[in-house]
Amino acid sequence: GDSVTQMEGPVTLSEEAFLTINCTYTATGYPSLFWYVQYPGEGLQLLLKATKADDKGSNKGFEATYRKETTSFHLEKGSVQVSDSAVYFCALSDRGGGADGLTFGKGTHLIIQP
Amino acid sequence: ETGVTQSPTHLIKTRGQQVTLRCSSQSGHNTVSWYQQALGQGPQFIFQYYREEENGRGNFPPRFSGLQFPNYSSELNVNALELDDSALYLCASSFPGARGYDTEAFFGQGTRLTVV
């Protein structure tokens, strides 16, 4: 079945540091890929998405490129802020057929220190 | 437009009891999905409703059931509660686009269920 693997946390960085959170996936079809963010006490918010190979999703300074050859969708940001502290989830939606919902990774807790 | 709202926000139940959680979808959305998020884990897909019918289900037993109403709001029912059912339950609404599952799912803030 489909699965998403993302790097374990917590990831602790200083403000203005470069961020990479790795995400790889396995899927039977041609999935769409997503990054969601969860702030403390809140639900999930879509951060960015990519629907086909080589697409780049971007939002709020975050970027991720859909790499079919490496089955990856790594999240990057050039300069993080304290307000970026949250849990980040990589997810996929398999368009191969059926309403199977989103498959999520376990999440990566990001802590940005001033 | 209003977002996805869930009720209640917190709930404590005893093992063996039954619980009903509620979700109002975002205006214009006809698809509702439910997810279970255990502490420190990613959300796991329970099932999805489209136009009042279940059209997809994850690996959850039949004691997890649901309903979708004509106004597209939804309920999640869990019978015979077990301690492992303690989790954050998330509802998400969406409107399938021409490519099916590429449209954004909007999540509510969740219901925190504790089974004792």
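Residues numbered from 1 in each chain as written. Chains lettered and ligands numbered in written order. Predicted model: local features only at pLDDT ≥ 70, side-chain atom pairs only at ≥ 80, totals over all residues. Heavy atoms only, no water.

A. Main features of the overall build of chain B. Broken down by element type, chain B carries zero helices and eleven strands. Tracing chain B from N to C terminus, the helices and strands come up as β-β-β-β-β-β-β-β-β-β-β. Over its C-alpha trace chain B gives a radius of gyration of 14 Å, about what one expects of a compact globule, namely 13 Å for 116 residues. Expressed along its principal axes, the backbone C-alpha trace of chain B runs to roughly 45 × 30 × 25 Å. Going through the 116 residues of chain B one by one, you find that 47% of them count as buried. (Helix = DSSP H or I, 4+ residues; strand = E, 2+ residues; numbered from the N terminus. Rg over C-alpha atoms; globule rule 2.2 N^0.38 Å. Buried < 20%, exposed > 50% of the residue type's maximum accessible area, 1.4 Å probe, protein only.)

B. Just the state of the cysteines, in detail. Across all of its chains, the model carries two disulfides over all chains by this definition. Two residues, Cys23 of chain A and Cys90 of chain A, share a disulfide whose sulfurs are 1.9 Å apart. One disulfide, between Cys23 of chain A and Cys90 of chain A, carries an S-S torsion of -70° and so falls in the left-handed class. Note that Cys23 of chain A is positioned in strand 4 (residues 23-26) and Cys90 of chain A in strand 10 (residues 86-93), a separation of 67 residues in sequence. Each member of the pair, Cys23 of chain A as well as Cys90 of chain A, is classed as buried. The residue that forms a disulfide with Cys23 of chain B is Cys91 of chain B, at a sulfur-sulfur distance of 1.8 Å. Taking the torsion about the S-S bond as the criterion, the Cys23 of chain B to Cys91 of chain B disulfide, at about -60°, is left-handed. Residue Cys23 of chain B is located in strand 3 (residues 19-24), and its partner Cys91 of chain B is located in strand 9 (residues 87-94); the two are separated by 68 residues in the primary sequence. For the pair formed by Cys23 of chain B and Cys91 of chain B, the shared burial category is buried. (Disulfide = S-S within 2.5 Å.)

This is a description of form; function is not addressed.
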